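Examining the three-dimensional arrangement
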Amino acid sequence: MSVVEIVDHPLIQHKISLLRDRNTGTKEFRDLVSEVAMLLCYEATRDLPTEEVEVETPIALARTKVLAGRKLAPILRAGLGMVDGMLSMIPAAKVGHIGLYRNEETLKPVEYYCKLPNDISEREVIVLDPMLATGGSASDAITQIKKRGAKHIKFIGLLAAPEGMKALHEAHPDVDIYVGALDEKLNDQGYIVPGLGDAGDRIFGTK
C-alpha cells in the first residue's frame, strides 16, 4: 500500500504561505521552493535503506548507519527549483531530467526530453514537480521512468489539487506521494486554486 501524505509541518505551511503571496519576488520564491523541497525530502526519505559501518570517533570506534543503495531524483522543468534543496539532503544523488510541457488546449503532457542513468532499475527514485494540478505531467513522467526499469518511486510536490492527487494515485497506486498542501480545486485553465500561480514562471522569472 502506497503512502499519500500531506506534510503539515508548521515550517512547511509557513513557507508555502509566503510562496502563495503574489508579491514574493523571484529570488525569495526560488529560495523558498528549495527550502520546502528540503523539508519534504526529509519526510519522504524516512524509509530509505541503511547499512551499518564502523567509524572512528575522537573517542572510540562506533558502529553506525549510513544510507545504502543508490538514489536518483528525476525532475520536470519546474522541479529544477527543488533540486538544490533535495541535494542538500542527499548530496550523492544522481539527477535525471524529463522535459514535458502541457498542451494548452488538451491539457495533456507532451514529452520532448528524457535523460536518466542506465542503472535506474537499481535506484530509489524521487520525482520532483512543484504543482500536482491535473496529475498528467507527473503520471506521464512516472510512466516513462517505469518503462526504463524503475521499481521504487516516490513523488514530491509543493501543492496538489484533489483532481491531481486522485489521478496520480489511480494511475500509479504503487508510488508514494508527499505534498506540502492539498488545495481546493482546479480552475477552467487547469491551475490550482488558490495555488500560487505558475511555479515554473515564478521560479525562473519568465512571466
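Look up a bit, the structure's there.
Quick caveat, the model's predicted, so the values are computed rather than measured. (Residues numbered from 1 in each chain as written. Predicted model: local features only at pLDDT ≥ 70, side-chain atom pairs only at ≥ 80, totals over all residues. Heavy atoms only, no water.)

**Structural notes on the overall build of the chain**
- From N to C terminus, the chain includes six helices and twelve strands.
- For 207 residues, the compact-globule estimate of 2.2 N^0.38 gives 17 Å, and the chain sits close to it at 17 Å.
- By its C-alpha atoms, the chain is 60 × 40 × 30 Å across when sized along the principal axes.
- The 207 residues of the chain split such that 44% are buried.
- Contacts spanning at least 24 positions in sequence make up 63% of the contacts within the chain whose residues lie at least 6 apart.
- Of the roughly 10,900 Å² of accessible surface on the chain, a fraction of 52% belongs to carbon and sulfur atoms. (Helix = DSSP H or I, 4+ residues; strand = E, 2+ residues; numbered from the N terminus. Rg over C-alpha atoms; globule rule 2.2 N^0.38 Å. Buried < 20%, exposed > 50% of the residue type's maximum accessible area, 1.4 Å probe, protein only. Contact = heavy atoms within 4.5 Å. Areas by Shrake-Rupley, 256 points an atom, 1.4 Å probe, with all protein chains shown as cover.)

**Some thoughts on empty space enclosed by the protein**
- Tallied over the entire structure, the rule returns one cavity of 30 Å³ or more.
- The calculated volume of the largest cavity comes to roughly 40 Å³.
- Forming the walls of the largest cavity are Lys 71, Leu 72, Ala 73, Met 86, Ile 90, Ala 93 and Ile 126.
- When the residues that make up the lining of the largest cavity are grouped by side-chain class, the tally is six nonpolar, no polar and one charged. (1 Å grid on protein atoms, 1.4 Å probe; cavity = no way out; pocket = protein on both sides within 12 Å on 5 of 7 lines; lining within 4 Å. Points joined across faces, edges and corners; volume = space filled by probe spheres on them. Nonpolar A, V, L, I, M, F, W, Y, C, P; charged D, E, K, R; others polar.)

**As for the environment of His 14**
- Within the secondary structure layout, His 14 lies in helix H1 (residues 10-20).
- Note: C-alpha distance between His 14 and Gly 81 (67 residues apart in sequence) is 18 Å.

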